[in-house]
Amino acid sequence: MTTYFKPSPMQKIVLFSYSLLWLFIIPFSLCHFLFQLIKGKSGYSKTRLSRYGFIANTKKQKNTMLIHCASVGEVVAIQNLVEQLLSNSPHQNIIITTNTTTGADRVKQLFENRVQHVYLPYDFPVFIRLFLKAAGITQVLITEMELWPNFCHQCWSLEIPIFIINGRMSEKSTKTYQKFPTLFQPMFKKITAICAQDQRDVENYLSLGVSSDKLTLTNNIKFDLTVSRHDLDLSQTIKSKFALHDRLILVAGSTHEPEEQIVLDAYLALQATYSNLLLVIVPRHPQRFEKVHQLLKKQHVNTVLMSAATPCTSHTQVLLCDQMGTLRSLYAIADICFVGGSLADKGGHNALEPAAVGVPILMGNSIYNNPAICQALTASGALLTVTDAQQIEDLCRNWLANPEQMKCAGDAGKQVLTVNSGAIQKTLNVLNAYHAH
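Rules behind the numbers
- Along each chain, residues carry numbers from 1 onward, in the same order as the chain's sequence is written.
- In view of the model being predicted, local features appear only for residues whose pLDDT reaches at least 70, and side-chain atom pairs are presented and counted only at 80 or more, with totals across whole chains, interfaces and linings using the full set of residues.
- Excluding hydrogens and water, the side-chain figures rest on all heavy atoms present in the structure.
- Here, strands pair whenever DSSP counts at least two bridges between them.
- In this description a helix means any DSSP run of H or I spanning at least four residues, a strand means any run of E spanning at least two, and both kinds are numbered starting from the N terminus.
- To get an axis, fit a line to the C-alpha atoms, keeping to the stretch in contact for a helix; angles then go from 0 to 180 degrees between the N-to-C directions.
- Definition of nonpolar core: a set of buried residues of the types Ala, Val, Leu, Ile, Met, Phe, Trp, Tyr and Cys, connected through side-chain atoms within 4.5 Å.
- Only protein chains enter the accessibility calculation, which uses a 1.4 Å probe; a residue is then buried when its area is under 20% of its type maximum, exposed when over 50%, and partly exposed in between.
- The criterion used for residue contact is that any of the two residues' heavy atoms lie within 4.5 Å.
- Helix span, expected: 1.5 Å multiplied by one less than the number of residues in the helix.
- Starting at the helix axis, one direction is taken to each C-beta atom, and the arc is that of these directions.

A separate point is the sheet that holds strand 11 (residues 318-320). If you trace the seven strands from one edge of the open sheet to the other, you get 10-11-9-8-12-13-14, paired in parallel fashion. Edge positions in the open sheet fall to strand 10 (303-305) and strand 14 (383-385), since each of these has one partner strand only. This sheet shows a mean twist of 20° between the axes of neighbouring strands, independent of strand direction. Inspection of the sheet shows strand 9 (residues 277-283) paired to strand 11 by three bridges, in the parallel sense.

Shown next, in the form of structure tokens:
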């Protein structure tokens, strides 16, 4: 049973008004979908009808667990948890929803046909209710902080428990929710339990009116990250295919504008001393692959595209990763890495991916997505903070000149994962405790 909660008349009016706004958005989104479908754009097929509540090619299911991940990062983060759930209950039907095509692709890559992927419906009551009933949803796990008022309300009204797993609540998001209390406070009342990443998140959830008995500090699931045999095998394939065995490698992962230019400036300065140094750039979003390629061409940087699958030569300066799903494998062949979204104000991406393969890490000051992770890595010496190209150059130069120091920094990152693991089991304990009642 869901927790008893009676919305006030004003809260009902606000939720109704919010729903009316979707009536203006939906016709445009439907026209856009049909236009892209007719054009045959990649990622636009009838599976996207789930955004309007219809699940294509699916028999009506019963006892289905829904796990929602906004995009690629969340899908990767919950990989080991999903594997554990499948191992514990082989017959459990699991649907993973995402908002993005890249997230959908990663679900299929990681789990193949062991789970089903559909897109999360737009947050309109009719769509949500159609979807929940058609899919036979009996419990919902929302990863990190992707919360929608109508989705939570429909789950609550159908007595479907909602668990936030690996729950994150940044100061920025907290302030946003606090600006609209009549809309968002009821939403938090309808949550069954929250597994929070760290104490900061616990405090922020409490400030939003979440009851303390719904909160459990489980730590970050990302600390339970393991590098798969597939990723390690792929790293060796990449090394051979692109002739990288004799190269020093600096990987700039999950980059945003203007991070590619900043890291490139540092790289070009380093190349004068380390002629066998190769820069590997992995833009965060596929729609920027061509833009980054043009940036490199304008500056006459000798570049090889991963999609071209041609070996690098001694003159190659940059290997541009214009394919999804290879970042962990690229970190595994790096000597040093820069983790993006941290000089650009995006909150920083997952620094544990390079830490897991023993690679020392550079990041900017924007780390609000994963502050506890970055603080733990910084305290261990695995992560150093940079603010510009000059600092990247200086710190890389120091590590490259002192290989033993560079190895110690990489080993420290591995140790951070070992010490902080256990979040998956704590999360499973919360889920099991609910079902035991």
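Val140, Phe151 and Phe188 are the most contacted members of the largest nonpolar core, which has 43 residues in total. Those elements giving two or more residues to this core turn out to be helix 1 (9-39), helix 5 (125-135), strand 4 (137-143), helix 6 (149-157), strand 5 (162-167), helix 8 (181-189), strand 6 (193-196) and helix 9 (199-207). Aside from chain neighbours lying at most four places away, what touches valine 140 is Leu66, Phe151, Cys155, Ile160, Pro161, Ile162 and Phe163. Grouped together as the second largest cluster of nonpolar side chains are 38 residues, Leu244, Cys337, Ala355 and Ile361 included.

So, about the sheet that holds strand 1 (residues 64-68). Here seven strands make up an open sheet; going across it, the order is 3-2-1-4-5-6-7 and the pairing parallel. Two strands in the sheet have a free side with no partner beyond their single neighbour: strand 3 (116-119) and strand 7 (215-217). Adjacent strand axes in the sheet meet at a mean angle of 20° when their direction is disregarded. Pairing of strand 4 with strand 5, which is carried by four bridges, proceeds in the parallel orientation. Each residue of the ladder has a partner; that of valine 140, found in strand 5, is isoleucine 162.

We now examine helix 10 (residues 229-241). Compared with the 18 Å implied by 1.5 Å per residue over 13 residues, the 18 Å span of helix 10 between its first and last C-alpha is a close match. Inspection of helix 10 places Asp231, Ser235 and Ile238 among the buried residues, and these make up the whole buried set. All buried residues of helix 10 project into a common sector of 65° when viewed along the axis, lining one side. Packed against the buried residues of helix 10 are helix 13 (327-331). Alanine 243 sits one or two positions beyond helix 10 and adopts a positive phi of about 55°.

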